Amino acid sequence: MRKQQRWVYHRGDGPRTVGVEEELLLVDPESGMPRPLSGAVTEIAAWHADVLRPAERGEPAKSELFCEMLEIATPPCATSAELDERLRQARTAAAAAAKEAGAAVAALATAPVRFDPLLNPADRYRRIEDRFARLVDDKLTCACHVHVHLASAEEGVGVLDRLRPWLAPLLALSANSPYWQGRDTGYASWRHQLWSRWPMSGPSELYGDVAAYEETTRAMLASEVLVDDHMVYFDARLSRRYPTVEVRVGDVCQHVEDGVLLAVLVRALVDTEARSWRAGREADPVPTAVLRLASWRASRYGLRGELLHPLTWQPAPAAAVLEALLHHVTPALRAAGDLDRTVRGLELLLARGTGADLQRAARDGAPGLASVVADAVRRTTPA
């Protein structure tokens with residue numbers, strides 16, 4: 001394995017690096033029930049990392065808000081092939097640690113079966129529970145967060161303003177949460193519906209410059225609704241830890257290749273919108289209310305219904321919306337060497353379906369939802 005890179009500002013020499021954070025469920029592979037073992041799993045994962053040579057170490061799995069969740073991450077990667085390799089390694093390492101603890105990992109954006117999650121006892125999570133009460137009960141959801149390098153914060157705000165119309169299609173292609181508390185919700189991404197209940201989530205307004213972005217963050221913190229600045233839960237934001245745009249709209253994907261496809265499209269969008277910002281082209285002033293409607297359609301139907309087309313804001317078949325997205329970012333994909341991979345990935349998704357479609361297919365004819373979880377476990381870390 002190559003030596004892990006560190007995040008530094010992008011200087012324009014070669015493609016922007018991209019990294020992925022994924023949240024996974026810890027489950028019993030037989031019953032499908034989530035298991036509150038994140039403490040044991042993270043300790044095992046850290047021990048595994050310690051015994052490796054420094055050049056071979058990835059970032060060990062981390063705990064999350066609930067003890068049934070695990071977070072994994074890749075380092076910044078220059079190519080989609082490297083990202084694919086690193087994400088597979090991270091999932092494999094998490095699965096090995098989980099197995100030692102008596103569980104398995106599943107890339108499911110919500111837990112299909114009915115259960116009561118166990119809150120992580122860390123102080124920050126207790127403060128979140130105190131502040132938001134019952135709202136926290138529905139926050140056991142697993143997302144995919146994509147980080148893409150920036151040249152500057154100014155570029156980042158220019159990108160945030162210009163990629164707003166394209167976030168809902170990314171949600172649609174990643175949709176992987178039709179089941180919640182033992183029932184089919186009728187949605188492709190119920191995770192998005194649960195997440196939308198949080199007052200600091202969803203699409204953001206146009207900023208125009210860094211000062212306006214920072215003032216928005218300051219006003220949100222001054223409201224004393226947020227526990228800290230990590231709770232700025234917009235669909236896309238400037239990362240507080242890294243010099244990156246962080247796109248947070250997607251469900252975690254069952255297949256590694258789907259997660260890589262999502263990340264590659266996000267990188268291409270960031271590059272495309274950064275060029276647009278540098279050229280002085282205005283951002284689409286589409287109202288945030290319309291963006292929320294676009295996200296609702298993406299959450300409801302995934303790729304099996306009509307989405308709002310980002311160029312007309314009228315309903316259009318999902319395939320037409322993905323074709324428009326592909327056309328929009330083709331120059332950036334071609335420059336990064338990702339065009340062929342992206343075309344194949346989108347064709348596969350339209351033919352095979354999203355994670356939501358796979359879950360429903362796994363349930364077909366089965367008496368319960370354990371088969372859905374078992375199928376997801378197999379897809380999460382294939383041999």
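Rules used throughout
Think of each chain on its own: its residues are numbered from 1, step by step along the sequence as written. In keeping with the model being predicted, local features are shown solely for residues with a pLDDT of at least 70 and side-chain atom pairs are shown and tallied solely at 80 or more, while totals for entire chains, interfaces and linings include all residues. Hydrogen atoms and water are omitted, and side-chain values are computed over all heavy atoms in the structure. A helix here means a DSSP run of H or I that spans at least four residues, while a strand means a run of E at least two residues long, and both kinds are numbered starting from the N terminus. In this description, contact between two residues means that some pair of their heavy atoms is separated by no more than 4.5 Å. Only protein atoms enter the 1 Å grid, on which a cavity is a set of points fitting a 1.4 Å probe that cannot get out and a pocket is an open set with protein on both sides within 12 Å along at least 5 of 7 lines, lining residues being those with an atom within 4 Å of a point. Grid points are joined across faces, edges and corners, and a volume is the space filled by probe spheres set on the points. Note on residue classes: Ala, Val, Leu, Ile, Met, Phe, Trp, Tyr, Cys and Pro are nonpolar, Asp, Glu, Lys and Arg are charged, and everything else, Gly too, is polar. N or O atoms closer than or at 3.5 Å make up a polar contact, with two conditions inside protein: a donor-capable atom paired with an acceptor-capable one, and, for residues adjacent in sequence, both atoms drawn from side chains. For every residue, the accessible area (1.4 Å probe, protein chains only) is compared with the maximum for its type, and the residue is labelled buried under 20%, exposed over 50%, or partly exposed between those bounds. We treat two strands as partners when DSSP finds at least two bridges between them. Given a helix with a known number of residues, its expected span is that number minus one, times 1.5 Å. When we speak of the arc, we mean the arc of directions from the helix axis to the C-beta atoms. The term disulfide is used for any two cysteine sulfur atoms that are within 2.5 Å. Interaxial angles span 0 to 180 degrees and are taken between N-to-C directions of axes, which are lines fitted to C-alpha atoms, for helices over the stretch in contact. Each angle is binned into one of four classes, with values under 35 degrees roughly parallel, values over 145 roughly antiparallel, values of 65 to 115 roughly perpendicular, and all other values oblique. By the definition used in this description, the sense in which the near helix is turned from the far one sets the handedness, with an anticlockwise turn below a right angle giving left-handed and a clockwise turn giving right-handed.

A. Up close: the environment of H48. Tracing the sequence through the fold places H48 in helix α1 (residues 38-50). Separated by twelve residues in the primary sequence, H48 and P60 place their C-alpha atoms 8.4 Å from one another. When neighbours within four sequence positions are excluded, H48 is seen to be in contact with A96, A97 and E100.

B. Quick peek at the layout of surface pockets. Roughly 520 Å³ of volume is contained in the largest pocket. The wall of the largest pocket is formed by 25 residues, among which E64, E71, R124, R237 and R248 lie closest to the centre. Of all the elements, helix α3 (residues 123-132) adds the most residues to the lining of the largest pocket, at three residues. Residues belonging to the lining of the largest pocket are distributed by class as follows: seven nonpolar, five polar and 13 charged.

C. Fine view of the side chain of R248. On the secondary structure map, R248 appears in strand β11 (residues 244-251). Only 3.2 Å separates the side chain of R248 from the side chain of E246, close enough to count as a polar contact. If we skip the residues at most four places from it in the chain, R248 touches C144, H145, R191, W195, Y233, F234, D235 and R237.

D. The pairing of strand β3 (residues 69-73), seen in detail. Within β3, five of the five residues are buried, leaving the element largely enclosed by the surrounding structure. Burial along β3 is two-sided: the residues M69, E71 and A73 and L70 and I72 are all buried. Bridging between strand β1 (residues 18-27) and β3 involves five bridges; their strand directions are antiparallel. Following the sheet pairing, L24 is matched in β3 by L70. The antiparallel hairpin formed by strand β2 (residues 62-63) and β3 contains five residues in its connecting segment.

E. Up close: helix α11 (residues 339-352). Between its first and last C-alpha, α11 extends 20 Å over 14 residues, near the 20 Å set by a 1.5 Å rise per residue. Every buried residue belonging to α11 is among L339, T342, G345, L346 and L349, and all of these are buried. Buried residues along α11 cover an arc of 125° about the axis, so they all sit on one side. Residues of α11 that are exposed and angled more than 90 degrees away from the buried face: D340, R344, E347 and A351. Each element contacted by the buried residues of α11 is listed here: α5 (167-174), α8 (256-278) and α10 (318-336). The positive-phi residue at the C-terminal boundary of α11 is G353, with phi of around 100°.

F. Structural context of the environment of P243. Inspection of the secondary structure assignment puts P243 in the loop between β10 (236-238) and β11. The buried category is assigned to P243, whose relative accessible area is 14%. Note: C-alpha distance between P243 and T110 (133 residues apart in sequence) is 30 Å.

G. A look at the state of the cysteines. Following the criterion strictly, the structure yields zero disulfides and no others. Free of any disulfide, C67 has its nearest neighbouring cysteine sulfur in C142, separated by 13 Å. Looking at C77, it has no disulfide partner, and the nearest cysteine sulfur is the one in C144, 12 Å off. On the basis of relative accessibility, which here comes to 0%, the residue C77 falls in the buried class.

H. Structural view of α10. Taking 1.5 Å of rise per residue, 19 residues should cover 27 Å, and α10 covers 25 Å from first to last C-alpha, within 8% of that figure. On its buried face, α10 is in contact with α5, α8, β12 (306-308), β13 (315-317) and α11. Among the residues trailing α10, G337 stands out with phi positive, at a value near 80°.

I. Geometry of the side chain of T272. When you line up the elements, T272 lands in helix α8. Residue classification places T272 among the buried positions, given a relative accessible area of 15%.

J. The arrangement of the packing of α5 against helix α9 (residues 288-301) in detail. Interhelical geometry of α5 versus α9 gives an angle of 10° and a closest axis separation of 8 Å. As the angle between them shows, α5 and α9 are arranged roughly parallel. Contact with α5, carried on its side by A168, L171 and A172, involves A294, S295, A298 and S299 of α9 and no other residues of that element. For the contact of α5 with α9, the residue count by class is five nonpolar, two polar and no charged.

K. Geometry of the packing of helix α2 (residues 80-101) against α8. Between α2 and α8, the shortest axis-to-axis distance is 10 Å and the interhelical angle comes to 135°. Put simply, α2 runs oblique to α8. Crossing geometry of α2 relative to α8 is assigned as right-handed. Listed contacts from α8 to S80, L83, D84, L87, R88 and R91 of α2 are V256, E257, V260, A263, V264 and R267. Grouping the amino acids of the contact of α2 with α8 by side-chain chemistry returns six nonpolar, one polar and five charged.

L. Layout of the pairing of β1. Here β1 lies mainly inside the structure; ten of its ten residues are buried. Inspection of the sheet shows β1 paired to strand β5 (residues 143-149) by five bridges, in the antiparallel sense. Residue pairing in the sheet places E22 in a bridge with C144 of β5. The pairing of β1 with strand β4 (residues 104-106) spans three bridges and is classified as antiparallel. Counterpart to L25 in the pairing with β4 is A106.

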